[in-house]
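Next come the chains, spelled out residue by residue.
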Amino acid sequence: MTDLSPVDGSGAWDITVVSQPFTTGSEEVATAMGRLQHQARQHDWDYVVGLTELPLHDHEGNHLVVESDPDGRTAVLSLPALGGLRMHARARRAVRSLVDAMAGPKTDDEHRVALSQPRGRPRVLLGMVLANRPWLLVPGLKSALVAALATGAVATINSTVWLLADSLAWWRLVVATVVSVILVVAWLVIDGELWDRPDDDSPQARERSRMYNASTLVTLMVGVSICYVALYLVNLAWAFFVLEPGLMGSYLHAQLGYGDFFVLAWFVASAATVGGGLGSGLESDEAIRAAAYSKREEDRRGRLARDQPSR
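## Points about the environment of Asp-58
Structurally, Asp-58 is set in the loop between strand 4 (56-57) and strand 5 (63-68). It is 9.8 Å that separates the C-alpha atoms of Asp-58 and Arg-112, two residues lying 54 residues apart in sequence. Apart from residues lying up to four places away in sequence, Asp-58 is in contact with Val-29, Leu-64, Arg-112 and Gln-204.

Written out as structure tokens, the structure is:
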């Protein structure tokens, strides 16, 4: 929340920045606006602009970028609706426009910007995924990475693995890559209890859960894919360090070169990714959630989980 108050007639402003989590239910724009207006009355602020990492929607299910109250004193801006790319620049421009509109001539018209249905969902989804920062999944799953590296190191020097890698066509290697990533994502969702369930049976609640679940799956897919590429590079470097093409050729009864190490590392990366996914079971549920979600999203889900038994 940002309070913008004119200090004197010179046009200077006294700006206060307050950071606090929006609690469960604030995805409803009316709820979010009500809480911002309460803050404005409590602190005697002139104008309030709320920035949230939650997707906002109206009663018709449309995804909203921004909405301000009729008298122009309070506005809420959904950061995921900005699309995630060049977020800071877009947010600055949006806040500046909101302040100019609220400080200008007062009107009774409601200021609402909604995304069109065909492109609204992908844009909000991109913003939610980038807010989760999927690249942080790599250091967030230490046990999984250790298990994957150990699996890859052992598999690289195994002659049976050499035979399997040499016998597989390129399309089988592609299938192995896709399947290994999907298996790990599914295991993380199940083991970490990452699947979001609707608060009620309303269409808005179901749509909200679909968006959260989609952002979780895409976040995990991106994060696991980054892990896969990292494992491939490590396994490739290990193969070049410990193996000789002549040794592999004598076991396979074939003429092999250093180029075959790229195929071997590809196959080993798929096996190591699955092994790493199973190793993620050594992590606590909190560690998995912290790796998969942004801090505010993790807090939101934690509050929702604590509220469920009392319902």
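## Looking at the pairing of strand 6 (residues 74-78)
Of all five residues in strand 6, five are buried, a share of seventy percent or more. The two faces of strand 6 match: Thr-74, Val-76 and Ser-78 on one face and Ala-75 and Leu-77 on the other face are all buried. Where strand 5 lies against strand 6, three bridges are found, and the strand directions are antiparallel. Each bridged residue has a counterpart across the sheet, and for Ser-68 the counterpart in strand 6 is Ala-75.

## Structural notes on the packing of aromatic side chains
Applying the stated criterion across every chain, the model contains five aromatic pairs. Considering the side-chain rings of Tyr-258 and Phe-261, the 5.5 Å spacing of their centres and the 90 degrees angle between planes classify their relative orientation as edge-to-face. Among the aromatic side chains, those forming a connected cluster through ring pairs are Phe-240, Tyr-258, Phe-261 and Phe-262.

## Focus on the packing of helix 7 (residues 170-191) against helix 8 (residues 203-242)
The geometry of helix 7 relative to helix 8 is characterised by a closest axis approach of 9 Å and an angle of 125 degrees between their N-to-C directions. In terms of orientation, helix 7 and helix 8 fall into the oblique class. Handedness of the crossing formed by helix 7 with helix 8: right-handed. Contacts between helix 7 and helix 8 involve Thr-177, Ser-180, Val-181, Val-184, Val-185, Leu-188 and Val-189 from the former and Leu-217, Leu-220, Met-221, Val-224, Ser-225 and Tyr-228 from the latter.

## Observations regarding unusual backbone geometry
In most cases, non-glycine residues show a negative phi, while peptide bonds are predominantly trans. At Asp-44, a position not held by glycine, the phi torsion is positive, near 60 degrees. Relative to the elements of secondary structure, Asp-44 occurs in the loop between helix 1 (29-43) and strand 3 (48-52).

## Some details on the nonpolar core
Of all hydrophobic cores here, the largest spans 30 residues; its most connected members are Leu-220, Val-224, Leu-243, Met-248 and Leu-264. For this core, the secondary-structure elements that each account for two or more residues are helix 5 (142-156), helix 6 (159-167), helix 7, helix 8, helix 9 (245-252) and helix 10 (260-279). The residues contacting Leu-264, other than those within four sequence positions of it, are Thr-156, Val-161, Trp-162, Ala-165, Leu-243 and Met-248. Formed by 23 residues, the second largest nonpolar core is a distinct cluster that contains Leu-77, Leu-79, Val-129 and Met-211.

## Describing the UniProt feature "transmembrane region" (unreviewed entry) in the chain
In the numbering adopted here, UniProt assigns the feature "transmembrane region" (unreviewed entry) to residues 143-164, 170-190, 211-241 and 261-279. Split by type, residues 143-164 is 91% helix and 0% strand. Its first and last C-alpha atoms lie 27 Å apart. End C-alpha to end C-alpha, residues 211-241 measures 45 Å, and it is 100% helix and 0% strand.

What counts, and at which threshold
- Residues numbered from 1 in each chain as written.
- Predicted model: local features only at pLDDT ≥ 70, side-chain atom pairs only at ≥ 80, totals over all residues.
- Heavy atoms only, no water.
- Helix = DSSP H or I, 4+ residues; strand = E, 2+ residues; numbered from the N terminus.
- Contact = heavy atoms within 4.5 Å.
- Buried < 20%, exposed > 50% of the residue type's maximum accessible area, 1.4 Å probe, protein only.
- Pairing = 2+ DSSP bridges.
- Phe/Tyr/Trp six-rings, centres within 6.5 Å; stacked < 30°, edge-to-face > 60°.
- Axes fitted to C-alpha atoms, helices over the stretch in contact; angles between N-to-C directions.
- Parallel < 35°, antiparallel > 145°, perpendicular 65-115°, else oblique.
- Left-handed = near helix turned anticlockwise from the far one by under 90°.
- Core = buried A, V, L, I, M, F, W, Y, C linked by side-chain atoms within 4.5 Å.
- UniProt positions renumbered as here; feature names shortened; annotations may be inferred.

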